[in-house]
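Coordinates in review
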Amino acid sequence: MLILFNKPYGVISQFSKHEKYSTLKDFIPYQNVYPAGRLDTDSEGLLILTDNGTFQNKISSPNNNVFKTYLVQVENIPNINDIDKLSKGVLIKGELTKPAKVKRIDDPNLWLRNPPIRKRKLIPTSWLEIKISEGKNRQVRRMTAAISYPTLRLVRTEMGEFTISDMKPGEFSVIER
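The structure reproduced in this document is the subject of the present report. The shown structure was predicted, so the numbers you read here are calculated from the model rather than taken from an experiment.

Quick notes on the pattern of salt bridges
- Summed over the entire model, instances satisfying the criterion amount to ten salt bridges.
- With a closest N to O distance of 3.7 Å, R141 and D42 form a salt bridge. On the criterion of sequence distance, the pair formed by R141 in helix α3 (residues 139-146) and D42 in the loop between β4 (34-35) and β5 (44-50) is long-range, its members being 99 residues apart.
- Take R141: its relative accessible area is 12%, and that puts it in the buried class.
- One salt bridge in this structure joins K136 and E95, with 3.1 Å as the shortest N-O distance. With K136 in the loop between β10 (125-132) and α3 and E95 in strand β8 (residues 95-96), the pair connects residues that are 41 residues apart, well separated along the chain.
- Residue class for K136 comes out partly exposed when judged on its relative accessible area of 37%.

Some points on the side chain of S43
- Relative to the elements of secondary structure, S43 occurs in the loop between β4 and β5.
- If we skip the residues at most four places from it in the chain, S43 touches K7, P8, Y9, R141 and L154.

About the criteria used
- Residues numbered from 1 in each chain as written.
- Predicted model: local features only at pLDDT ≥ 70, side-chain atom pairs only at ≥ 80, totals over all residues.
- Heavy atoms only, no water.
- Salt bridge = Lys/Arg side-chain N within 4 Å of Asp/Glu carboxyl O.
- Helix = DSSP H or I, 4+ residues; strand = E, 2+ residues; numbered from the N terminus.
- Buried < 20%, exposed > 50% of the residue type's maximum accessible area, 1.4 Å probe, protein only.
- Contact = heavy atoms within 4.5 Å.

Here is the structure:
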């Protein structure tokens, strides 16, 4: 079984009860499925759940080079040199990230986030599309911070061949494999 879930902001990527946050159990009525990779509580978008350990490893292991696509709202407007740095890899905790596919994009047509992103009168924001084939803890956020552009909003839209397409936050789709 394979479940594509559009994880809302503020939901923790686990089934066990949490004191502060909603969990996957509040949205997914199936048992014995587990996330293939994780999304932080403050990140949104595609989370794949499966009961197949081999598939789970295939999609989440950095050795398999499965690209994950993120739409990332950052503070300020990165220039071509900044984007080039992200594309080549940046140092995070003494390790160089794998090369990424990065480009600036227009504001994507996304759902409103609750709570909304903070807005500062004198600091503009911009959007990047970042594709990575690894998924270290908070990697995209750490990558943008490493070039001095803090991430304000992070939405994963694709993992390999899978996408959230038109799913709204909290919706899921079951794919039998």
